[in-house]
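Structural description and commentary
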Amino acid sequence: MKKEYDVIVVGAGHAGIEAAHIAAKMGATTLLITIDKQKIGVLPCNPSVGGLGKGHIVYEVSALGGLMPKLCSEAHIQARMLNTRKGPAVQGLRLQVDKYVYSQAAREYLLNISNLTIHQDMVIGLLVSKSDGRKRVYGVICQNNKNILGKTVIITSGTYLNGVVHVGMEQRPGGKDDTPAATGLSRSLESALGVKLGRLKTGTPPRLLRSSIDFSKLEQQESHSLDYLFEFDSITSRTTQPCHIAYTNEKTHKIIHENLERSALFGGMITGTGPRYCPSIEDKIARFPNRTSHHVFIEPEGGDFHEVYPSGLSTSLPQDVQQAYITSIKGLEEAVITRPGYAIEYDFLQPNNLTHSLEAKRISGLFFAGQINGTTGYEEAAGQGLIAGFNATLKIQGKKPFILDRTESYIGVMIDDLVTLGVDEPYRMFTSRAERRLLLRQDNVFLRLMPYAKKLGTVDSQTYEQFLHEKECIEKSVSLLKKEKPYGELFKIFHDLELPAKIKLRSRALLCIHAQIRYDGYIEKERKEALKAKRYQELKIPKTFSYKGMPGLTRELQEKLSHHKPETIAQAQLIPGMTPAAISLLIFQVSQRHISNPSKSTSNNNIT
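Analysis parameters
Residues numbered from 1 in each chain as written. Predicted model: local features only at pLDDT ≥ 70, side-chain atom pairs only at ≥ 80, totals over all residues. Heavy atoms only, no water. Helix = DSSP H or I, 4+ residues; strand = E, 2+ residues; numbered from the N terminus. Rg over C-alpha atoms; globule rule 2.2 N^0.38 Å. Buried < 20%, exposed > 50% of the residue type's maximum accessible area, 1.4 Å probe, protein only. Contact = heavy atoms within 4.5 Å. Expected span 1.5 Å × (residues − 1). Pairing = 2+ DSSP bridges. Axes fitted to C-alpha atoms, helices over the stretch in contact; angles between N-to-C directions. Phe/Tyr/Trp six-rings, centres within 6.5 Å; stacked < 30°, edge-to-face > 60°. Lys NZ or Arg CZ within 6 Å of the ring centre and 35° of its normal. Salt bridge = Lys/Arg side-chain N within 4 Å of Asp/Glu carboxyl O. Parallel < 35°, antiparallel > 145°, perpendicular 65-115°, else oblique. Nonpolar A, V, L, I, M, F, W, Y, C, P; charged D, E, K, R; others polar. Polar contact = N/O pair within 3.5 Å; in protein donor to acceptor, adjacent residues only side chain to side chain. Left-handed = near helix turned anticlockwise from the far one by under 90°. pLDDT = per-residue confidence, 0-100. Core = buried A, V, L, I, M, F, W, Y, C linked by side-chain atoms within 4.5 Å.

**Here's the deal with the overall build of the chain**
- For the chain, the count of helices and strands is 18 helices and 21 strands.
- For 608 residues, the compact-globule estimate of 2.2 N^0.38 gives 25 Å, and the chain sits close to it at 25 Å.
- Seen along its three principal axes, the alpha-carbon backbone of the chain occupies a region of about 65 × 65 × 55 Å.
- Counting across all 608 residues of the chain, residues that qualify as buried make up 58%.
- Partitioning the intrachain contacts of the chain with sequence separation of at least 6 by distance along the chain shows that 73% fall at a separation of at least 24.

Given below as structure tokens:
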């Protein structure tokens, strides 16, 4: 243990390990504090990484030099590219992973990084000083009353802050995966920040004994053979264990409906808000009474595969009810519950108390990342952890923070949403949250972001040279193809067109070229719209501006704008459901209002 660290990271979940990894990689002396060293990088819920929107974040973590993609390459047991019938902008890579291999690989990576120390303890408070009217963090207080000094501190406490686990009417303090709850730190955070922490809720389904399931009655889920995963280097996917699909039925729903009052959620035991897009099975039954069936994805957890994860059956019902509804499902008639499902409540900080660098507005040097910021999911946590790690390190180096714009990355979209709007439910990433998703594809992620990794020093020279070669291949190929008009039949042109010998196309580069050619006009339009929107972000919307009956604007968006009353175009962009077309209409209408009423305009709008 050193007398003082550059960066102290509290918590070793997906946000914490990314923050610690990248800080140490950038040369900062880093301390990672965790309640249990054996649970570094665990996947306490679903044994998968990626998906629509979420997979885009993992790709971006990869391009910036993060850890999660490497762990996925080592631990994956099945790969699927989702939404392949749609365009490349909304496709998403999703990997099933062996959760035990994943966690073990995370520990091994971190133990072999120079500048990084791992310490097992529980942080119960912050060390905060005040000078020149500004608070500054200078360390943490551990459970054994030991003070550890640090120039910056990153809080990545996940769901462990005052965590309470619910199974029916029974409750106990604790975090996910039978880890003790972190107590004491919440009070210290509230005192230091001068804000009240909120409560959120998440949950997990019961785990089932694999040998007790009749897989012959279930539908096997297709896996895909891929030659690239989340990393820049080519990695051929493997399938070591298939996934299956089961379906709930009317009997399942009847059992759940008759026992709703025994659920912690409906019995009044839970006060925290749960995730809208990953609800418990009892919540789905109550909200969609006319549905007679829901999908259940039977996913292997890894290890010796003796347990499976029935995704879609998250619950806070008592164990006897869980057993009853599980065995009502075809193929699960004899299923044995190895661990009951549960709901968990935990403290979180409203992220609008943070800057875009994820630093607390009121305390210098204090950063937050992951579920403490009101997000849900491993991928969202990893993206935030990476940015917090970058910025904590840059702060001690006396450099400007690293902030991604929402027009250039999904991580930028997520952080902008969080710190600008805050959250009223656990935040989950979707491709629909990005206004310019045609520009933010999986295939062009390295073109977008790897130059940043080079500047930050988080990509090795050999990989960057390979990246430059691929970039050259893409640019020259697109240039050659554009000379051959029309170029709609892309693959025919590839067969007929002779490329220079030095240009060797790999599948990811080919997909990028395909997208740039096929969507050339749309991509150019998106770029122009993005520049236009950025130019007019600070355009002020008059307080008296009326959206009612605005031509070209749907009634839903008229109502949302009237409700939120955005002060600027930038604020209007963040309202859920606002499309690029709607923003263009709004810019036009507001600009016309300023032109016809010049006395209402302000000098910083620069309307032209």
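**A short note on helix H9 (residues 378-396)**
- For H9, spanning 19 residues, the distance from its first C-alpha to its last is 27 Å, which sits close to the expected 27 Å at 1.5 Å a residue.
- With 17 of 19 residues buried, H9 is to be regarded as a mostly interior element.
- Gly 398 lies just past H9 and shows a positive phi near 70 degrees.

**Some remarks on the sheet that holds strand E10 (residues 164-167)**
- Strand order in the open sheet formed by four strands is E11-E10-E19-E12, and the pairing between neighbours is antiparallel. Looking along the sheet, the strands with just one partner apiece sit at the ends: strand E11 (170-173) and strand E12 (198-204). Averaged over neighbouring strand pairs, the angle between their axes works out to 25 degrees when direction is ignored.

**Topic: the sheet that holds strand E5 (residues 92-97)**
- With antiparallel pairing, three strands are arranged side by side in an open sheet as E3-E5-E4. The outermost strands of the open sheet, each flanked by one partner alone, are strand E3 (48-50) and strand E4 (76-82). The sheet shows a mean angle of 20 degrees between the axes of neighbouring strands, taken without regard to direction.
- Pairing geometry for E3 and E5, over three bridges, is antiparallel. Note on E5: the bridge partner recorded for Gly 50 is Arg 94.

**Details of the packing of aromatic side chains**
- Tallying each qualifying case throughout the model produces six aromatic pairs.
- Between Phe 232 and Phe 446, the ring centres sit 5.2 Å apart and the planes meet at 80 degrees, which makes this aromatic pair edge-to-face. Highlighted residues: Phe 232 in the loop between strand E14 (219-221) and strand E15 (243-247) and Phe 446 in helix H11 (residues 445-456), separated in sequence by 214 residues. Assigned by exposure class, Phe 232 and Phe 446 land together as buried.
- An aromatic cluster is defined as three or more aromatic residues linked by ring pairs; in this entry it consists of Phe 390, Phe 402 and Tyr 452.
- The side chain of Arg 433 reaches across the aromatic face of Tyr 427, ending 4.2 Å from its centre.

**What about the pattern of salt bridges?**
- Applying the stated criterion across every chain yields a total of 26 salt bridges.
- Here Lys 99 and Glu 301 are joined by a salt bridge, their closest N and O atoms 3.3 Å apart. Of this pair, Lys 99 sits in helix H4 (residues 99-111) while Glu 301 is found in the loop between strand E16 (295-300) and strand E17 (307-311), placing the two residues 202 residues apart along the sequence.
- A salt bridge links Arg 406 to Glu 435; its shortest N-O distance comes to 2.9 Å. Taken as a pair, Arg 406 in the loop between H9 and helix H10 (410-421) and Glu 435 in the loop between H10 and H11 lie far apart in primary sequence, 29 residues in all.

**With respect to helix H3 (residues 68-75)**
- Within H3, six of the eight residues are buried, leaving the element largely enclosed by the surrounding structure.
- For H3, every residue scored as buried is listed here: Met 68, Pro 69, Leu 71, Cys 72, Ser 73 and Ala 75.

**Some remarks on the packing of helix H2 (residues 54-63) against H10**
- At their nearest, the axes of H2 and H10 sit 8 Å apart, and the two run at 110 degrees to each other. With respect to H10, the axis of H2 lies roughly perpendicular. Where H2 abuts H10, its residues His 56, Ile 57, Glu 60 and Val 61 lie against Tyr 410, Ile 411 and Met 414.
- Classifying every residue of the contact of H2 with H10 gives five nonpolar, one polar and one charged.

**Re the side chain of Ser 357**
- Looking at where Ser 357 falls in the secondary structure, it is placed in the loop between strand E19 (342-348) and strand E20 (363-364).
- Residue classification places Ser 357 among the buried residues on the basis of a relative accessible area of 6%.
- At a separation of 3.5 Å, a polar atom in the side chain of Ser 357 contacts the main-chain amide nitrogen of Glu 359.
- Among all residues touching Ser 357, those that are not within four sequence positions of it are Phe 367, Ile 387, Ala 388, Asn 391, Pro 401 and Ile 403.

**So, unusual backbone geometry**
- For Asn 115, which is not a glycine, the phi torsion comes out positive at approximately 80 degrees.
- Structurally, Asn 115 can be placed in the loop between H4 and strand E6 (116-120).
- Take Asn 115: its relative accessible area is 35%, and that puts it in the partly exposed class.
- The backbone of Leu 358 shows a phi angle near 70 degrees, a positive value even though the residue is not glycine.
- Assignment of secondary structure puts Leu 358 in the loop between E19 and E20.

**What about the packing of H11 against helix H12 (residues 461-482)?**
- Across the interface, H11 lies against H12 with an axial gap of 11 Å and an inter-helix angle of 150 degrees. As H11 runs across H12, the sense of the crossing is left-handed. Residues Phe 446, Leu 447, Met 450, Pro 451 and Lys 454 of H11 form the contact with H12, whose own contacting residues are Ser 461, Thr 463, Tyr 464, Phe 467, Lys 471 and Ile 474.

**Here we look at the confidence of the model for the chain**
- Chain-level pLDDT for the chain is 90 on average; 94% of the residues reach the 70-or-more range.
- The model gives residues 600-608 a pLDDT under 50, and that stretch makes 13 contacts with residues more than four places away or in other chains.

**Describing the nonpolar core**
- Val 140, Leu 366 and Phe 368 are the most contacted members of the largest nonpolar core, which has 114 residues in total.
- Ranked by residue count, the leading element in this core is H9, at nine residues.
- Excluding its chain neighbours within four sequence positions, the residues that come into contact with Val 140 are Ile 8, Val 10, Ile 33, Val 123, Gly 125, Leu 126, Leu 127, Lys 146, Asn 147, Ile 148 and Val 153.
- Judged by nonpolar contacts, the second largest core, of 22 residues, contains Phe 215, Ala 246, Ile 281 and Ile 337.

**Some thoughts on the pairing of E17**
- In terms of burial, E17 is largely enclosed, as five of its five residues are buried.
- Residues Glu 307, Tyr 309 and Ser 311 of E17 are buried on one face, and the alternating residues Val 308 and Pro 310, pointing to the opposite face, are buried as well.
- Pairing geometry for strand E13 (residues 207-209) and E17, over two bridges, is antiparallel. Paired with Leu 209 across the strands is Glu 307, a residue of E17.
- Sheet topology note: the E16/E17 ladder contains four bridges and is antiparallel. By the bridge assignment, Ile 298 is partnered in E17 with Pro 310.
- In this antiparallel pair of consecutive strands, E16 and E17, the connection spans six residues, and Gly 302 shows a positive phi of 110 degrees.

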